[in-house]
Structure formats: structure tokens, C-alpha cells
Amino acid sequence: MGFATAMDISCHSFLRMARLARPLMQAGGSLITVSFYGADRVVENYNLMGPVKAALEASVRYAAADLAGEGIRAFSLSTGPVKTRAASGIDRFDALMDKIRARTPAGKLVSIEEIGTLAAFLATEAASPMSGSVVYADNGFHTTA
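Let me sum up the structure you'll find in this document. (Residues numbered from 1 in each chain as written. Predicted model: local features only at pLDDT ≥ 70, side-chain atom pairs only at ≥ 80, totals over all residues. Heavy atoms only, no water.)

What about the overall build of the chain?
Stated formally: The secondary structure listing takes helices from DSSP runs of H or I that are at least 4 residues long and strands from runs of E that are at least 2 residues long, numbered from the N terminus. Note that the radius of gyration is over C-alpha atoms, with the globule rule given as 2.2 Å times the number of residues to the power 0.38.
Scanning the chain from terminus to terminus reveals five helices and three strands. From first element to last, N terminus to C terminus, the chain shows the α and β order α-β-α-β-α-α-β-α. Here the chain has a C-alpha radius of gyration of 15 Å; the compact-globule value for 145 residues is 15 Å, and the two agree. Principal-axis analysis of the C-alpha atoms places the extent of the chain at approximately 45 × 35 × 25 Å.

Shown next, in the form of C-alpha cells:
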């Protein structure tokens, strides 16, 4: 996959979705996207996705600032590695998962259910003071990496 395609799928699509959702969010709401630690630090074999996710996280900050007056929040949920169809395209992904698992304080990866629970919280008004944030859901990997 080329850089422009990755940017379109991961970054531009978030901005397009925000533009389309905006008129539907008359009472406010939350925009949530998924990122990864590789946006902030170099991760072996993550390659061009690092800069793409960094652009996505910057887009979240700008969307949060632009839409705050309308009560619309934006978040980037930076998860640990999770086996998904998209992740299958990352070279040596299983080895990456093992390496990250070993470096988390609890020695375990985040589950899809844990990510879903956190995303559900971000969709509530209780998360409004956190708008524009990168919220880590990686079992503490980012604290020890």
C-alpha cells in the first residue's frame, strides 16, 4: 500500500466522516478514531503507517478545536496491537504483538472488549474535558516503551 492510499484510508476518511456527521450531531457528540503508538515513536516494521497515524492524531486535535463550539468532541484511541484484518498487512505482526506483550506492565495485550468499553466512555459527556486527546488503551505499554 502506498503512502497516499494509507493517508486516504486512515486520515482523510476521518475528516470526511466528521464533515458528513457534523449536521447529524445537532446535540453534540463524539468522533473517535483508532491510532497506535507508532504515531509517536518508531516501531519496527510499522513503516509508513507511523507518519500516517501521526497525521491522524493531529487531525483529531484540529477537529476537536474546530468543532468544540458545537459540542462535538474528537478523540484518538491509541490501542495496543489487536489482531484485525488491517493488522494482517503489517510485516511480522505476531512478533510485534509478542514483543509489546512482554513490555506491558501486566504482561498482557489489550482486548477488543476493553477497547470497546473505553470507546463507549469517550462517547459520553463525561469525557468532554478530554476532547482532542490521544487516549491510550495499551495496558500501559506507552509508559514503559
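Topic: the pairing of strand β1 (residues 29-36)
The condition is simple: By this definition, two strands are paired if DSSP reports at least two bridges between them. Looking down the strands as they point away from you, a crossover is right-handed if its path from the first strand over the helix to the second goes clockwise.
Of the strand pairs in this sheet, β1 and strand β2 (residues 72-79) are connected by eight bridges, and their pairing is parallel. Bridge pairing in β2 links S35 to S78. Read from β1 through helix α2 (residues 49-67) to β2, the crossover connection turns out right-handed.

Some words on the side chain of T104
To keep it simple, the criterion reads: Here, two residues are considered to be in contact whenever any of their heavy atoms come within 4.5 Å of each other.
Its location among the elements puts T104 in the loop between α3 (93-103) and α4 (112-122). Apart from the residues lying within four places of it in its own chain, the contact partners of T104 are D138, N139 and F141.

Digging into the sheet that holds β1
Through backbone hydrogen bonds, the strands of a sheet pair up, either in parallel or in antiparallel fashion. The criterion, for reference: Angles run from 0 to 180 degrees between N-to-C directions of axes, and those axes are lines fitted to C-alpha atoms, restricted for helices to the stretch in contact.
Overall, parallel pairing links the three strands, which are arranged β1-β2-β3 in an open sheet. The sheet terminates laterally at β1 and β3 (134-137), the two strands that pair on one side only. Geometrically, the sheet is characterised by an average inter-axis angle of 30° between neighbouring strands, direction not taken into account. The strands that α4 touches are β1, β2 and β3; relative to β2, the one it contacts most, it runs at about 165°.

Re unusual backbone geometry
The cut-off we apply is this: To sort residues, take the accessible area from a 1.4 Å probe on protein chains only and compare it with the maximum for the residue type: under 20% means buried, over 50% means exposed, and anything in between is partly exposed.
At N47, a position not held by glycine, the phi torsion is positive, near 50°. Look at N47 and you get exposed, because its relative accessible area is 59%. Despite not being glycine, N139 has its phi angle at roughly 55°, a positive value. By the element assignment, N139 lies in the loop between β3 and α5 (141-144). Residue class for N139 comes out partly exposed when judged on its relative accessible area of 24%.

Notes on the pattern of salt bridges
Threshold: Throughout this description, the term salt bridge denotes a Lys or Arg side-chain nitrogen within 4 Å of a carboxyl oxygen of Asp or Glu.
For the structure on display, the rule yields six salt bridges. Note that D8 and R16 form a salt bridge whose closest N and O atoms lie 2.8 Å from each other. For D98, the salt bridge goes to R101, with nearest N and O atoms at 2.8 Å. One end of the pair, D98, and the other, R101, are both in helix α3, three residues apart, so they sit about a helical turn from each other. Residue D98 is classed as partly exposed on the basis of its relative accessible area of 45%.

Re the nonpolar core
Rule in force here: We call a set of buried residues a nonpolar core when its members are Ala, Val, Leu, Ile, Met, Phe, Trp, Tyr or Cys and they connect through side-chain atoms within 4.5 Å of each other.
If you look at the biggest cluster of nonpolar residues, it comprises 16 residues, and the most contacted ones within it are F36, V43, Y46, L96 and I100. Taken together, the elements giving at least two residues each to this core come down to α1 (3-21), α2 and α3. Ranked by residue count, the leading element in this core is α3, at four residues. Non-local contacts of Y46, meaning those with residues more than four positions away in its chain, are made with F36, G38, K53 and I90. Core analysis: the second largest hydrophobic core is formed by twelve residues, A18, L56, A63 and L67 among them.

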